[in-house]
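Read off the chains here:
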Amino acid sequence: MRKILPIILLLILCISLCACSNNAAPITPPEGEESEEPSTQEAIYSFTDEEGRTHYAIYVNGEQIQTEHDAYTYPDEPKGAYYPIVEVLEHFGVKCLFDEHLEALTTRVNGQIITCKTDSSDIVIGKHTLGGASPEYIDGCFYVPSYTFMHLLDAVVDFTPDRSGVTITTETTIDTASSGTKGLSISAAAVPSLGKPLYSGAQACLTCGGSGAALCTSCSGTGGSTQYTQKQDPLTGQMTIQSTRVSCSRCHGSGRVVCPTCGGTGKR
Ligand SMILES: [Zn+2]
Ligand SMILES: [Zn+2]
């Protein structure tokens, strides 16, 4: 009996070792790693970044829209989502403008002028100042609370049933004649930063001061943005969020785009 016991123990050890390596086998092959590669490129909504904001995809009238910046909420206010206003309005065909000293974002939607400022003051729509949360200016992007679109587009804002996205539902149609940057002017102090004027005086386009250029509203002229990607650890299976600095896809890192009013000619 004394001789048999160690052999039995050794056998048990062998069997359990074999079982272990069999279990471990499916996790380690290199082809598994390759097939996971595409999923790291696309963010799977919703996810929480390192600063605690939960990010969501954006749906307008039932369809997901592709934006450089997504929507987010804060943990202590899970119902109050913030939306990137420039990209949401662009989906409706309305371009925005940085005016004054390149500190304020402004545009018109069906005759109503909307303004938000980098110093986090209130959001102004026409003659009304929206009470409640201030706009947020993060990483060169303006975000406004969801109810801004309730006022601006008579929209219903909500979350998708699975809470992977935020929604904007509206029947408002945009009147192009009374929407966009036409008629809005940039301050004289802000013009030099846009480049040499092509036209001056009465001939110059008001929006760009005759420069033909505008500050990129997607990155506020910073030329870049932070992109979040979700990565799965191949060993633990744990999902982590990685943030990387990427060149702005709209202005290709230059921080300047063609003036939306004059199309780059600089002429009024
Ligand atoms: Zn840009
Ligand atoms: Zn112009």
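Residue indices begin from 1 for each chain and proceed along its sequence in written order. Note on labels: chains are lettered from A, ligands numbered from 1, in written order. Only residues with pLDDT of at least 70 are given local features in this predicted model, and only at 80 or more are side-chain atom pairs given and counted; all residues enter the totals for whole chains, interfaces and linings.

### Description of the overall build of the protein chain
- Summing up its helical and strand segments, the protein chain has four helices and 18 strands in all.
- Exposed residues have 12 or fewer other C-beta atoms within 10 Å of their own C-beta, buried residues have 20 or more, and partly exposed residues fall in between, where C-beta atoms are placed from the backbone. Of all 268 residues assigned to the protein chain, the portion counted as buried reaches 31%.
- When contacts within the protein chain are restricted to residue pairs at least 6 apart in sequence, long-range pairs at least 24 apart make up 54% of them. The numbering of helices and of strands both runs from the N terminus, where a helix is a DSSP run of H or I of at least 4 residues and a strand a run of E of at least 2. This entry defines residue contacts through backbone-placed C-beta atoms, with two residues in contact when those atoms are within 7 Å.

### Things to note about the nonpolar core
- To define a nonpolar core, we join buried Ala, Val, Leu, Ile, Met, Phe, Trp, Tyr and Cys residues through C-beta atoms within 7 Å and take the resulting set. Ranked by size, the top nonpolar core spans 49 residues in total, and within it A71, Y83, I85, F142, V144, C208 and A214 carry the most contacts.
- Among all residues touching Y83, those that are not within four sequence positions of it are I58, A71, V88, Y143, V144, S146, F149 and V166.

### Points about the pairing of strand β12 (residues 141-145)
- By the criterion of burial, β12 is predominantly enclosed, with five of the five residues buried.
- Neither face of β12 is left uncovered, since the one carrying C141, Y143 and P145 and the one carrying F142 and V144 both have all their residues buried.
- As paired elements, strand β5 (residues 77-84) and β12 share three bridges and run antiparallel to each other. Opposite Y83, over in β12, you have V144 as the bridge partner.
- Taken together, strand β11 (residues 136-138) and the strand that follows it, β12, pair antiparallel across an intervening segment of two residues, in which D139 is found at a positive phi of about 55°. Here, a strand pair is defined by DSSP locating no fewer than two bridges between the strands.

### Digging into the confidence of the model for the protein chain
- Values of pLDDT, ranging from 0 to 100, describe the predictor's confidence in every residue of the model. Averaged over all residues, the pLDDT of the protein chain equals 84, while 84% of them reach at least 70.
- Note on residues 8-41: pLDDT is under 50 here. Beyond four places in sequence and across chains, it has eight contacts.

### Considering the environment of G263
- Note that G263 resides in the segment after β18 (256-258).
- With 11 C-beta atoms counted inside 10 Å, the residue G263 sits in the exposed group.
- Taking the C-alpha atoms as reference, G263 lies 6.9 Å from G212; in sequence the two are 51 residues apart.

### Description of the pairing of strand β16 (residues 224-232)
- As defined by bridge partners, β16 adjoins strand β17 (residues 239-247) across nine bridges and the pair is classed as antiparallel. If you follow Q227 over to β17, its bridge partner there is T244.
- Hairpin connection of β16 to β17: six residues between the antiparallel strands, including G237 at a positive phi of 80°.

### A short note on the sheet that holds strand β10 (residues 128-130)
- Spatially, β6-β7-β8-β9-β10 is the arrangement adopted by the five strands of the open sheet, whose pairing is antiparallel. The open sheet is flanked by β6 (97-99) and β10, the only strands paired with a single partner. Across the sheet, the mean angle separating the axes of adjacent strands is 30° when strand polarity is ignored.
- Two strands pair when backbone bridges link them, and strand β9 (residues 123-125) and β10 are joined in this way by three bridges, in the antiparallel orientation. Following the sheet pairing, I123 is matched in β10 by L130. Each axis is a line fitted through C-alpha atoms, taken for helices only over the stretch in contact, and angles between the N-to-C directions span 0 to 180 degrees.

### Some remarks on the environment of G253
- Here G253 lies in the loop between β17 and β18.
- Considering only alpha carbons, one finds G253 and C219, 34 residues apart in sequence, at a separation of 8.7 Å.
- When near neighbours in sequence (up to four residues on either side) are disregarded, G253 contacts G223, G224, S247 and C248.

### Points about unusual backbone geometry
- Between Y45 and the following residue, S46, the backbone shows a cis peptide bond with an omega angle of -5°.
- With phi around 45°, N61 is a residue other than glycine that occupies positive phi space.
- Inspection of the secondary structure assignment puts N61 in the loop between β2 (54-60) and β3 (63-65).
- The phi dihedral of R163 falls on the positive side, at around 60°, and the residue is not glycine.
- Mapped onto the fold, R163 is located in the loop between β13 (156-159) and β14 (165-169).

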